[in-house]
Amino acid sequence: MARLLAYLKPYRDQVVLATGSSVLNKVLDLMPPLLVGWVIDSLRGSPPHWIAALAGTSDAWSMAVVLAALSVAIFFFESLFQWGYQHYFMTLAQRVQHDLRLDAYEKIQRREIAFFEEHRLGETLAMLNDDVNQLERFLNSGANDLIQTVVLFVFSSFILFDTSWRLALIAMAPIPLILSGSLAYQRRIAPRYKRVREAVGSLSSRLENNIAGILVIQSFGAEAFELDRVRQASAEYREANFRAIRLSAIFVPVIRMAIVLGFAGVLLVGSHWVLEKQPWLTVGQLVLFAMMTERLLWPLVRLGQVLDEFERARASARRTFGLLDTPSAIREAARPERLERAKGEIALEHVTFAYARGDRILDDLSFRIAPGETIGVAGPTGAGKSTLIKLLLRLYDPTGGAVKLDGHDLRDLSLEDLRRSIALVSQDVYLFHGTLRENIAYREVGTPFERVVQAAKYAELHDFIATLPEGYDTLVGERGIKLSGGQRQRMSIARAILKDAPVLVLDEATSSVDTETERQIQQSLALLAKGRTAIVIAHRLSTIRAADLIVVIEDGRAVERGTHSQLLALGGRYAELHRTQFATAEVP
Ligand code: ADP
């Protein structure tokens, strides 16, 4: 909560205005019982003396007029303060929500990739959406409820005790009952609501999963099977809701009985005292008591709910701030070394790596690439080739050893310099919702159109784009046109051309394209690699034939190294991989 207060700090004036309006509104809201009491006593000839002083006479009618005028004023200010607290709490909630969301997003997008691989997408989105919204909801209404309940309690008990402490004790007798009842209810309903939330969570992730996997469902004809699973999840949700509703429906009637006890007690004992003409109670005071008791006790019923909202907001705050306070595992050095433009020398020195859960993927791997050289990395599926790319981009840090660029350990470089120095070309390119032009020039928003076209031409993408009716303004990504594997790879080549980084990492295509396309892509890549250091991760071997050096990894170790012809002559793992690929290529 202290952290949430820190977010309120820039808006201190609004906090004061909101809280002040809320308190004053509640105080004025409690005036009508007092007014009614005063009117009755004035009419019956026993007015509070300040009213007579205000009216300048003890004439009953004049005093009634003064009180009527007073109530108009009270209602006016009450409405004014109601506007005040609603307005200020709502604007506060919106501002804090906005600040918090941006902070959370900024933190999340800097988190290490492992974070995203370990958390489900829905979970991360829930943090950005639900938790932040929960805090907004609390500021919107919960904070005000809490303030007003406290004011109500303090102010009305002050008035009641001031008017007649004897009757006040009776009026307040049910409070312990109401409070303990509410708290007990809260304790018992909380797990049921939790169950409801869990049930709705699994229902919606089931629905989401099924819609996303509709292709599989339809192609397997699994509609009935899936309907059954959805039916089951939905039924669990329904049952969980029933259990919560059954309990919550009893609560209000039961508490009502406790309130009635206080109310009836005040009427009964008060009437008795009035009839006996006891000096400590007038009729007006009795009416005041009856009305005030009713006003005091009802909101206490809601106290449980208000506390519940408060608890929820606290849990959300804890999660959000937990996220905000966890630094990324991939962190820049305190004083990072700056690189203007890297020469492009890459070195792996005794690199060892294992994912958080799992075996060693890379084991004491070392090699060095001189600026401008092209190196090919080959090896069977699962050997750790893609993992190597993640280490080069510093999406992960090695468990042992070091990866170096121009002799600097990647951990000592600024992340910006590092990632500016390396362009990744892969078929696995993510297209953001937007036009082809925006996607090619990604991040370089101001890139002149001619340069975008030029890059597309280099990447052999231009001719395809020219056939589209909307050309470079065609939408891609979500709800846009879909690109084939080959086209995606060319998109990423075009992006890399514009990025103009000294080091290229080519994650060579995993899904096959026809031979002609492959040849064209090879040409573009060769053009792109000219004058740059290139690391080619070859899932197929044809791409790295011309590499200056080929490293073959297996079980995370470099088992062979040499040029294509040297390795073939060696007749080892590489030659074997080559043979199998050649053989499968022959099989139709
Ligand atoms: P390659 O690219 O050579 O096919 P990868 O580098 O993708 O191999 O994978 C190497 C090994 O690491 C595989 O056994 C794979 O299951 C494992 N692996 C890949 N990514 C992760 C991850 N995020 N967490 C845990 N294990 C992973």
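Read on for a plain summary of the structure.

## Overview of the pattern of salt bridges
Here is step 1 of the chain: Per the stated rule, a full pass over the model turns up 23 salt bridges.
Here is step 2 of the chain: Two residues, Glu226 and Arg229, come together in a salt bridge whose shortest N-O distance is 3.0 Å. Of this pair, Glu226 and Arg229 both sit in helix 11 (residues 223–275), separated by 3 residues, roughly a single helical turn.
Here is step 3 of the chain: Salt bridges sharing common partners tie together Lys194, Arg195, Glu198 and Glu236.

## Re the sheet that holds strand 10 (residues 533–537)
Here is step 1 of the chain: Across the sheet, which stays open at both edges, the 6 strands sit in the order 6-9-10-3-11-12 with mixed pairing between neighbours. Two strands close off the open sheet at either side, each with one partner strand: strand 6 (422–426) and strand 12 (557–562). Between one strand axis and the next, the sheet turns by 20° as a mean value, whatever way the strands run.
Here is step 2 of the chain: Sheet topology note: the strand 6/strand 9 (residues 503–507) ladder contains 5 bridges and is parallel. Within strand 9, the residue paired with Ser426 across the bridge is Asp507.

## Describing the sheet that holds strand 2 (residues 360–369)
Here is step 1 of the chain: Reading across from one edge, 2-1-4-5 is the order of the 4 strands in this open sheet, with antiparallel pairing throughout. Only two strands of the sheet have a single partner each, and these edge strands are strand 2 and strand 5 (408–409).
Here is step 2 of the chain: Inspection of the sheet shows strand 4 (residues 400–405) paired to strand 5 by 2 bridges, in the antiparallel sense. Directly across from Leu405, in strand 5, lies its bridge partner His408.
Here is step 3 of the chain: Helix-sheet contacts for helix 13 (residues 385–392) involve strand 1 (346–354), strand 2 and strand 4, and the interaxial angle to strand 1 is about 115°.

## With respect to the site of the ligand
Here is step 1 of the chain: Contacts to the ligand come from 14 residues, most closely from Glu117, Gly382, Lys385, Ser386 and Thr387.
Here is step 2 of the chain: Residue Ala383 places a main-chain N or O atom 3.2 Å away from an oxygen atom belonging to the ligand.
Here is step 3 of the chain: A distance of 2.6 Å is found between an oxygen atom of the ligand and a side-chain nitrogen or oxygen belonging to Ser386.
Here is step 4 of the chain: In isolation the ligand exposes 560 Å². Once the protein is present, 64% of that is buried.
Here is step 5 of the chain: Considering every element that reaches the shell around the ligand, the biggest residue donor is helix 13, with 4 residues.
Here is step 6 of the chain: Looking at the shell around the ligand residue by residue, the classes come out as 5 nonpolar, 6 polar and 3 charged.

## A few points about the packing of aromatic side chains
Here is step 1 of the chain: As enumerated under the stated definition, the model contains 15 aromatic pairs in all.
Here is step 2 of the chain: Here Tyr7 and Phe321 contribute two aromatic rings whose centre-to-centre distance is 5.7 Å and whose plane-to-plane angle is 35°, an arrangement assigned as tilted. Taken together, the residues span a long stretch of sequence, with Tyr7 in helix 1 (residues 2–8) and Phe321 in helix 12 (residues 283–325) at a distance of 314 residues.
Here is step 3 of the chain: On the numbers, 5.3 Å between centres and 90° between planes, the contact of Phe449 with Tyr472 is edge-to-face. In this pair, Phe449 sits in helix 16 (residues 449–458) while Tyr472 sits in the loop between helix 17 (462–467) and strand 8 (475–476), placing the two residues 23 residues apart along the sequence.
Here is step 4 of the chain: Among the residues examined, Phe449 registers a relative accessible area of 33% and is labelled partly exposed.
Here is step 5 of the chain: Relative accessible area serves as the criterion here: at 9%, Tyr472 is assigned to the buried category.

## Digging into the environment of His539
Here is step 1 of the chain: With respect to the helices, strands and loops of the structure, His539 is situated in the loop between strand 10 and strand 11 (549–554).
Here is step 2 of the chain: Using a relative accessible area of 25% as the deciding quantity, one classes His539 as partly exposed.

## Some thoughts on the pairing of strand 11
Here is step 1 of the chain: For strand 3 (residues 374–378) and strand 11, the ladder comprises 4 bridges, and the chain directions are parallel. For Gly376, the partnering residue across the bridge sits in strand 11 and is Ile550.
Here is step 2 of the chain: Sheet analysis places strand 11 next to strand 12, joined by 5 bridges and oriented antiparallel. Bridged to Glu554 within strand 12 is Arg557.
Here is step 3 of the chain: With antiparallel pairing between neighbouring strands as the criterion, strand 11 and strand 12 make up a hairpin whose turn holds 2 residues, including Asp555 at a positive phi of roughly 50°.

Rules behind the numbers
Sequence positions are assigned chain by chain, starting from 1 and proceeding in written order. With the structure being a predicted model, the display of local features is reserved for residues of pLDDT at least 70 and the display and counting of side-chain atom pairs for 80 or more, all residues being used for whole-chain, interface and lining totals. In computing side-chain values, all of the structure's heavy atoms are included and hydrogens and water are not. A pairing counts as a salt bridge when a side-chain nitrogen of Lys or Arg comes within 4 Å of a carboxyl oxygen of Asp or Glu. In this description a helix means any DSSP run of H or I spanning at least four residues, a strand means any run of E spanning at least two, and both kinds are numbered starting from the N terminus. Each pair of strands is called paired provided DSSP finds at least two bridges between the two strands. Lines are fitted to the C-alpha atoms to define the axes, a helix being fitted only along its stretch in contact, and any angle between axes, read from their N-to-C directions, falls within 0 to 180 degrees. The contact criterion used throughout is that any non-hydrogen atoms of two residues lie within 4.5 Å. Here, proximity means that at least one heavy atom of the residue falls within 4 Å of the molecule or strand. Between N or O atoms, a polar contact is any pair within 3.5 Å; within protein, one atom must be a potential hydrogen donor and the other a potential acceptor, and residues adjacent in sequence are included only when both atoms are from side chains. Note on areas: these come from Shrake-Rupley sampling with a 1.4 Å probe, and a residue is covered only by the protein chains present in the view. Gly counts as polar in this scheme, as do all residues outside two lists: the nonpolar Ala, Val, Leu, Ile, Met, Phe, Trp, Tyr, Cys and Pro, and the charged Asp, Glu, Lys and Arg. Each aromatic pair joins two rings of Phe, Tyr and Trp (for Trp, the six-membered one) with centres within 6.5 Å, and gets the label stacked for planes under 30 degrees apart, edge-to-face for over 60, and tilted for any other angle. Note on classification: 1.4 Å probe, protein chains only; a residue is buried when its accessible area is under 20% of the maximum for its type, exposed when over 50%, partly exposed between these limits.

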